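The residues making up each chain are set out below.
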Amino acid sequence: MSRAILEVENLNAFYRDGRTRRQVLHGVRFELMEGEILGLVGESGSGKSTLARVILGLEPDYTGTVVHHTERPQMVFQDPGGSLNPRMTVRRTVEEPLIIAGGYSRAERAEMVREMLGLVGLDERYLERLPAALSGGQRQRVSIAAALIRRPQFVIADEPVSALDATVQAQVLDLLWDLHRQLGLSYLLISHDLAVVEEMCGRVMIMQGGRIVEAGTVEEVFDAPEHAYTKQLLRASRGSC
Amino acid sequence: MRYAIRKLVTLIVTLFAVSLLAFLAFSVIPGDPAVLQLGVNATPEALDALRAEMGLDRSVFVRYFEWLGEMMSGEMGQSFAHGVSVRELVGDRLIITGSLMGMGFLMTLGIALPVGVLGAGGTAGRCEHRPLQGILTGVTQVMMAVPPLFLGLVLTFVFGVTLRVFTPSAFVSFRESIGGYLFYMLFPALAIALPKAAMVVRVIRSSVRDELRKDYVQTAVSRGNGPRAVLYRHVLPNIAVPVLTFAALTLIMMITDSIVVEQVFSIPGAGRLLVSAIGARDYPVVQALVVVIAAFVMVVHAVTDVVARGIDRRIVF
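What counts, and where the lines are drawn
Residues numbered from 1 in each chain as written. Chains lettered and ligands numbered in written order. Predicted model: local features only at pLDDT ≥ 70, side-chain atom pairs only at ≥ 80, totals over all residues. Heavy atoms only, no water. Helix = DSSP H or I, 4+ residues; strand = E, 2+ residues; numbered from the N terminus. Buried < 20%, exposed > 50% of the residue type's maximum accessible area, 1.4 Å probe, protein only. Contact = heavy atoms within 4.5 Å. Axes fitted to C-alpha atoms, helices over the stretch in contact; angles between N-to-C directions. Parallel < 35°, antiparallel > 145°, perpendicular 65-115°, else oblique. Left-handed = near helix turned anticlockwise from the far one by under 90°. Nonpolar A, V, L, I, M, F, W, Y, C, P; charged D, E, K, R; others polar. Salt bridge = Lys/Arg side-chain N within 4 Å of Asp/Glu carboxyl O.

> Hey, could you go over the environment of Gln37(B) for me, with residue numbers and the actual values?
Residue and element names in this part refer to chain B. By the secondary structure assignment, Gln37 is in helix α2 (residues 33–38). Given the relative accessible area of 42%, Gln37 is considered partly exposed. In sequence terms Gln37 and Leu50 are 13 residues apart; their C-alpha atoms lie 9.1 Å from each other. Aside from chain neighbours lying at most four places away, what touches Gln37 is Leu50, Met54 and Phe80.

Written out as structure tokens, the structure reads:
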């Protein structure tokens, strides 16, 4: 019934480190289905973010195929402090994707921005603020609002909560979950936090050294891990037993 | 607005402090203007008489306030060496030096802003034009290393002696011909402007390069901005303040450059007057010029701060 909105086939990506060309992704293949939240777990340096960047078209050096069945996916980045332009007000930041797309009148844009801010739990008082005048959680809300303003079907969230306080983490995850339910969004949720993935995702992929070493439903992978690395990750996150 | 007024008050207070220092410094350093004027063989009576005429026999503070009064009245005191009021001596020369620096600064911006932004544009896009970038780096590096003194000689040789575009040492006063004056000043202004333009280009390029590494640029690309939009809409607004501040700094550095370049191009400006007045221990002239230069430096700083604050609401002093 559900269809794939992203198909990645035999993806190899490379990173130029001075004169050497290092391979950071090895034969990655997976599909993301409509309305699905797919988790991507792995330690830093395992290639998670590179995979996201290739999917977004930010990384030119790769072989293999990436087929999108939707419009360009939008991205929510990890650090809500650095990922917003410090000189752009909330209004400009959230409005920008509409300006780039073109075809919206000023009034339409204002209305969409207002509506979108409401959806992420911010009101008009924040419109003219700069990122410096927002808390970490508020910045991440702005970031999510900007990612969603064009109503993409597919959002890549790269560690969307790991830079936030625990209580704010829960709020932002709730928000992402609500938006998933309300708008039928599909996510590729990148995280090193297994608890977050367990709570949010239907399926999960475990990545190590640029390879997907294990994939399946969250229940399958978390309850009956097959790969040694997955077992190790689970042991580390659940404490020794 | 309140900020601008606060700046203005600070500026005036500082200016008084500078005037006091400038005045005291010359009453402390060795060297007697009376001896210098009459020669070492003058009789003590003649020296005393001249000192009294110059007002040097009275206390330092009486002289300071007297001088301050004259500075504010605009006459700026009497030159020891030339026997005319300092204002008369300095007036036209300040206009000449001021316009030299103004032209130099406009040229600096006129060259540096387009070159810097276009040069940086190459690094912002994927199609980094490597040979061109390398040439730009090389040219700016050489330009920065060339002192205006040498550049002035080269320009004189190329445009004055070889191509005969202008006649070296044939300064035309703006009182005779504005056009001729501006044309003659074109070359000294260029000698001042080129090294500074190279510096500003470097600052623009390195600021852009630093800025491109920041996370928000990646976000901007992921939102669908092309390389040009990233550069003009995101990066340039963020580097405007540091680049502006640096450009203002080059304007201040041009004071010393103009002193040198005035010698090379035989321009009767304030810089040459300053050098000769120091040699002749003509204190009133030196003091007046020091105060004028200090005022200029402070005004440039204050204006830069006010403008930067206007551009960037984040700056809090």
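> Tell me about the packing of helix α4 (residues 136–148) of chain A against helix α5 (residues 166–183) of chain A, and please be specific about residues and values.
Residue and element names in this part refer to chain A. Following both chains from N to C, one finds α4 and α5 inclined at 15°, their axes separated by 10 Å at the closest point. By the criterion of interaxial angle, the relationship of α4 to α5 is roughly parallel. When the axes of α4 and α5 are compared, the crossing they make is right-handed. On α5, the residues touching Gly137, Gln140, Arg141, Ile144 and Leu148 of α4 are Val168, Gln171, Val172, Leu175, Leu176 and Leu179. Of the residues belonging to the contact of α4 with α5, the class tally is seven nonpolar, three polar and one charged.

> Residue-level account of the pattern of salt bridges, with values.
Close approach of charged atoms allows side chains of opposite charge to pair. All names here are of chain A. In the structure shown here, the tally under the stated rule is 19 salt bridges over all chains. The salt bridge involving Arg53 is made with Glu59; its shortest N-O contact spans 2.7 Å. Residue Arg53 is classed as partly exposed on the basis of its relative accessible area of 22%. A relative accessible area of 15% means that Glu59 is categorised as buried. Residues Arg125 and Asp123 are paired through a salt bridge, measuring 3.1 Å at the closest nitrogen-oxygen approach. Residue classification places Asp123 among the partly exposed residues on the basis of a relative accessible area of 34%.

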